[in-house]
Amino acid sequence: MSKILQITFRNPNGGSEAAQKAAWERAHQIAAWPGLLWKVWIAQPSEAVYGGLYLFVDEASAQAYLQGPVVAGMRSLPGMSDFSAQLFEVNEPLSAITRGPVQSSTTS
């Protein structure tokens, strides 16, 4: 069953040119992650809050990502605080009705 991972963190340096360049470079590493279907990047710059919503094919892929080098690098960024990661089950039938961009694990 597919899983949504929500990651948020605070970083007062998140809007800097250096942080944006690092994010561009990290995006390719994230895109190639096994089991990742998509990521939506989120930001609330006025509060220095950044993060993402990720759709993984299963919990094992999401857990591997959380324990892997991308998240470890993210957590070691200068200025990083208030890191939060939450994993959610996807209600695929209701999401299909509301056009949620999810891929049913039963039709793959």
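Treat the numbers as computed from the prediction; the structure is a model and nothing was measured. (Residues numbered from 1 in each chain as written. Predicted model: local features only at pLDDT ≥ 70, side-chain atom pairs only at ≥ 80, totals over all residues. Heavy atoms only, no water.)

Enquirer: Please set out the sheet that holds strand β2 (residues 36-44) residue by residue, giving values where relevant.
Expert: Reading across the sheet, the four strands line up as β2-β3-β1-β4 and stay open at both edges, with antiparallel pairing between neighbours. Strand pairing shows two members of the sheet lacking a second neighbour, β2 and β4 (81-89), which therefore form its edges. Across this sheet, the average inter-strand angle for adjacent strands is 15 degrees, counted without regard to direction. Note: β2 against strand β3 (residues 49-56), eight bridges, orientation antiparallel. Residue pairing across strands places Lys-39 opposite Tyr-54, the latter belonging to β3. Where helix α1 (residues 17-31) meets the sheet, it contacts β2 and β3, and its direction lies at approximately 155 degrees from that of β2. Seen against the sheet, helix α2 (residues 59-67) touches β1 (3-10), β3 and β4 and runs at an angle of roughly 20 degrees to β1. (Pairing = 2+ DSSP bridges. Helix = DSSP H or I, 4+ residues; strand = E, 2+ residues; numbered from the N terminus. Axes fitted to C-alpha atoms, helices over the stretch in contact; angles between N-to-C directions. Contact = heavy atoms within 4.5 Å.)

Enquirer: If you had to explain the packing of aromatic side chains to someone new, which residues and values would you point to?
Expert: Considering all chains together, one arrives at five aromatic pairs under this definition. For the pair Trp-33 and Tyr-65, a centre-to-centre distance of 5.4 Å together with 85 degrees between the ring planes defines the contact as edge-to-face. Placement of Trp-33 in the loop between α1 and β2 and of Tyr-65 in helix α2 is noted, with a sequence separation of 32 residues between them. Among the residues examined, Tyr-65 registers a relative accessible area of 1% and is labelled buried. Here the aromatic cluster, defined as three or more aromatic residues joined through ring pairs, consists of Trp-33, Tyr-54, Phe-56 and Tyr-65. Seen from the ring of Trp-41, Lys-39 lies directly overhead, with NZ or CZ sitting 3.3 Å from the centre. (Phe/Tyr/Trp six-rings, centres within 6.5 Å; stacked < 30°, edge-to-face > 60°. Buried < 20%, exposed > 50% of the residue type's maximum accessible area, 1.4 Å probe, protein only. Lys NZ or Arg CZ within 6 Å of the ring centre and 35° of its normal.)

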